[in-house]
Amino acid sequence: MGAARLGRILAVTVVLCALPFYLDAFWLRIGLFSMAAAVGAVGLGLLSGTAGQLSLGHAFFLAVGAYGYVWLSGEPGPGLPTAVAAVLAVLLAGAAGGLFSPVAGRVRGVYLGVATLALVFLGHHVLLTADSVTGGFNGRSVPPLELGGFSFSADSGLTLLGVPFGAEERLWYLSLALFALTWFTARGLLRGRPGRALVALRDSETAAAVMGVDVSRYRSAAFVVSSMYAGLAGVMLALAFRRVVPDYFGLVLSVDYLAMIVIGGLGSVAGATAGAVFVTALPLLMTRYADQLPLVAAPGTTGGTVGPTEAARYLYGAAIVLILLFAPDGLHGLARRLRARLHHRRNAPPPPSHPSPRPAPASSARAKEPTP
């Protein structure tokens, strides 16, 4: 890693760690939801962008992670330590992906998308009917996470440098650490042998099989890894929301995650992160500033044309169309091309300050021969 790149990483890390000292709870909640969505989007990007498997059931695995944590750590439930419950919830989501992986190993394309779509409707039905586990329609409250006696809640007073640290400030650093873990593990996976095998599998299954790639095994493994990332995102969302309800984990959430990876750029960790921030933050910002936007009705009012949530969906729907038309590789590809263009301009040789004199043109007249 170059010194310049290491310096940029350190600068971004310092800025992100300093934000809780300056931002209020609203902006911190946007950051928490964005980081959780980025973790889930990275998992879906590995499955759909790198392995080439269409999945419309990502919301199901998010629900498994969220409700798995709530049930394992709460009452009714085993009442396990919250840290243990969080780890087991991620493993539970991976196990759910493993149970579905035989289907993912044999079905591809639109057929896999329809099969995963069934998971969303099945999971939503279970969440509504299994009252003893999920709490039914009203959902369940989320126990705060505790690590080594430190609680990520606002119950105990904590002040650092004159800034009171509530639940949002504490969860910010936890989410930042989990997101960093996701970022580096996903990039390591993509740059290693498994990532190259998945790319070959996406480009041509026949060519991948000829090169020795176990097609069924790698497709199943991609589904399991993606499910575990989704389970971790579900745990992070549950901690940020502090209450989980079944209606949140529906088909709309799966479509949102597809929008994230398309807008950000398929097969890119940075692109999935950028798309997750865009899709997550836009409706929250439009809700807060709805009274200052034209044709948008503020929450709880009847004026305007559309609500802020619907307006946000229209905007990132339009963004998807523009991305597909003018930047098929997403925001990450667009940023990469802009960096390459700036680098080319910066390193281009400067034009000469004084143009060199032109040589005199040769005379086309034939020299006169001397008279003998």
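Use the structure listed above.
Bear in mind the structure is a predicted one, so any value in this text is a computation, not a measurement.

Trainee: Can you tell me about the overall build of the chain, naming the residues and giving the values?
Mentor: Helices and strands together make up the secondary structure of the chain, namely 14 helices and 6 strands. Here the chain holds 372 residues, and the buried ones make up 43% of them. Of the contacts made within the chain by residues no fewer than 6 positions apart, 72% connect residues no fewer than 24 positions apart. Only carbon and sulfur atoms are counted for the fraction: they give 67% of the accessible area of the chain, which is about 20000 Å².

Trainee: Can you lay out the packing of helix H2 (residues 25–50) against helix H7 (residues 167–191) for me, pointing to particular residues and giving the numbers?
Mentor: For the pair H2 and H7, the least separation of the axes is 10 Å and the interaxial angle reads 20°. Comparing their axes, H7 and H2 come out roughly parallel. Remark: the crossing between H2 and H7 carries left-handed chirality. Here Ala25, Leu28, Arg29, Gly31, Leu32, Met35, Ala38, Val39, Val42, Leu46 and Thr50 of H2 lie close against H7, whose contacting residues are Glu168, Glu169, Leu171, Trp172, Ser175, Leu176, Phe179, Thr182, Ala186, Leu189 and Leu190. In the contact of H2 with H7, the residues fall into 15 nonpolar, 4 polar and 3 charged.

Trainee: Quick one: what's the story with a nonpolar patch on the surface, residue by residue and with numbers?
Mentor: The grouping of Val84, Val87, Leu88 and Leu91 at the surface amounts to a nonpolar patch, some 310 Å² of accessible area in total. Looking at the element boundaries, Val87 is found in helix H4 (residues 82–106).

Trainee: Lay out the nonpolar core with the relevant residues and their values.
Mentor: Ranked by size, the top nonpolar core spans 87 residues in total, and within it Leu62, Tyr69, Leu239, Val244, Phe249 and Tyr257 carry the most contacts. Counting residues per element, this core draws most heavily on helix H10 (residues 215–241), which supplies 14 residues. Excluding residues within four positions of it along the chain, Leu62 makes contact with Ala230, Ala233, Gly234, Leu237, Phe249, Leu253 and Tyr257.

Trainee: Quick rundown of H2? Include the residues and the values.
Mentor: Taking 1.5 Å of rise per residue, 26 residues should cover 38 Å, and H2 covers 36 Å from first to last C-alpha, within 8% of that figure. Remark: the principal bend of H2, roughly 30°, maps to Leu44.

Trainee: Break down the pattern of salt bridges for me, with residues and values.
Mentor: Across all of its chains, the model carries 7 salt bridges by this definition. With a closest N to O distance of 3.6 Å, Asp329 and Arg336 form a salt bridge. On the basis of relative accessible area, Arg336 is assigned to the partly exposed category, the value being 40%. Its salt-bridge partner being Asp329, residue Arg337 comes within 2.7 Å of it at the nearest N-O pair. When its relative accessible area of 27% is taken as the criterion, Asp329 is described as partly exposed. Put simply, Arg29, Glu168 and Arg242 are held in one network by salt bridges that share partners.

Trainee: Summarise the layout of surface pockets; cite the residues concerned and give the values.
Mentor: Empty pockets left among the atoms are what a rolling probe the size of a water molecule brings to light. Approximately 1300 Å³ is the volume attributed to the largest pocket. Elements represented by at least two residues in the lining of the largest pocket include exactly helix H1 (3–18), H2, H7, helix H12 (269–288) and helix H14 (330–347). The wall of the second largest pocket is formed by 20 residues, among which Tyr248, Leu253, Asp256, Pro283 and Arg313 lie closest to the centre. Taken together, the residues of the lining of the second largest pocket sort by class into 13 nonpolar, 4 polar and 3 charged.

Trainee: Got a sec to walk through the environment of Phe60? Specific residues and values, please.
Mentor: Its place among the elements puts Phe60 in helix H3 (residues 58–73). Residues Phe60 and Gly123 lie 63 residues apart in sequence; the distance between their C-alpha atoms is 6.0 Å.

Trainee: Run through the packing of aromatic side chains, naming residues and quoting values.
Mentor: On inspection of all chains with the given rule, the structure shows 9 aromatic pairs. Relative to Phe61, the ring of Phe60 has its centre 5.2 Å away and its plane inclined at 80°; by these criteria the two rings are edge-to-face. In this structure an aromatic cluster arises from ring pairing among Phe33, Tyr67, Phe241, Tyr248 and Phe249. Just above the ring of Phe26 sits the side chain of Arg288; from NZ or CZ to the centre is 4.2 Å.

Trainee: Please provide a residue-by-residue account of the packing of helix H8 (residues 193–203) against H10, values included.
Mentor: At a closest axis distance of 10 Å, the pairing of H8 and H10 adopts a crossing angle of 110°. When the axes of H8 and H10 are compared, the pair comes out roughly perpendicular. Together, Pro194, Ala197, Leu198 and Leu201 of H8 and Val215, Tyr218, Arg219 and Ala222 of H10 make up the contact between the two elements. For the contact of H8 with H10, the residue count by class is 7 nonpolar, no polar and 1 charged.

Trainee: How would you explain a positive patch on the surface if you had to name every residue and give the values?
Mentor: Positive charge collects at one region of the surface, where Arg5, Arg8, Arg191 and Arg339 lie side by side. Here Arg191 lies in helix H7.

Cut-off values and rules
- Residues numbered from 1 in each chain as written.
- Predicted model: local features only at pLDDT ≥ 70, side-chain atom pairs only at ≥ 80, totals over all residues.
- Heavy atoms only, no water.
- Helix = DSSP H or I, 4+ residues; strand = E, 2+ residues; numbered from the N terminus.
- Buried < 20%, exposed > 50% of the residue type's maximum accessible area, 1.4 Å probe, protein only.
- Contact = heavy atoms within 4.5 Å.
- Areas by Shrake-Rupley, 256 points an atom, 1.4 Å probe, with all protein chains shown as cover.
- Axes fitted to C-alpha atoms, helices over the stretch in contact; angles between N-to-C directions.
- Parallel < 35°, antiparallel > 145°, perpendicular 65-115°, else oblique.
- Left-handed = near helix turned anticlockwise from the far one by under 90°.
- Nonpolar A, V, L, I, M, F, W, Y, C, P; charged D, E, K, R; others polar.
- Patch = residues over 30% accessible without salt bridge, like charges linked within 9 Å, V, L, I, M, F, W, Y side chains within 5 Å.
- Salt bridge = Lys/Arg side-chain N within 4 Å of Asp/Glu carboxyl O.
- Core = buried A, V, L, I, M, F, W, Y, C linked by side-chain atoms within 4.5 Å.
- Expected span 1.5 Å × (residues − 1).
- Bend = angle between axes of the 7 residues up to and from the residue.
- 1 Å grid on protein atoms, 1.4 Å probe; cavity = no way out; pocket = protein on both sides within 12 Å on 5 of 7 lines; lining within 4 Å.
- Points joined across faces, edges and corners; volume = space filled by probe spheres on them.
- Phe/Tyr/Trp six-rings, centres within 6.5 Å; stacked < 30°, edge-to-face > 60°.
- Lys NZ or Arg CZ within 6 Å of the ring centre and 35° of its normal.
- Lys, Arg positive; Asp, Glu negative; His and termini not counted.
- Charge placed at Lys NZ, Arg CZ, Asp CG, Glu CD.

Read these as spatial facts, not as claims about activity.
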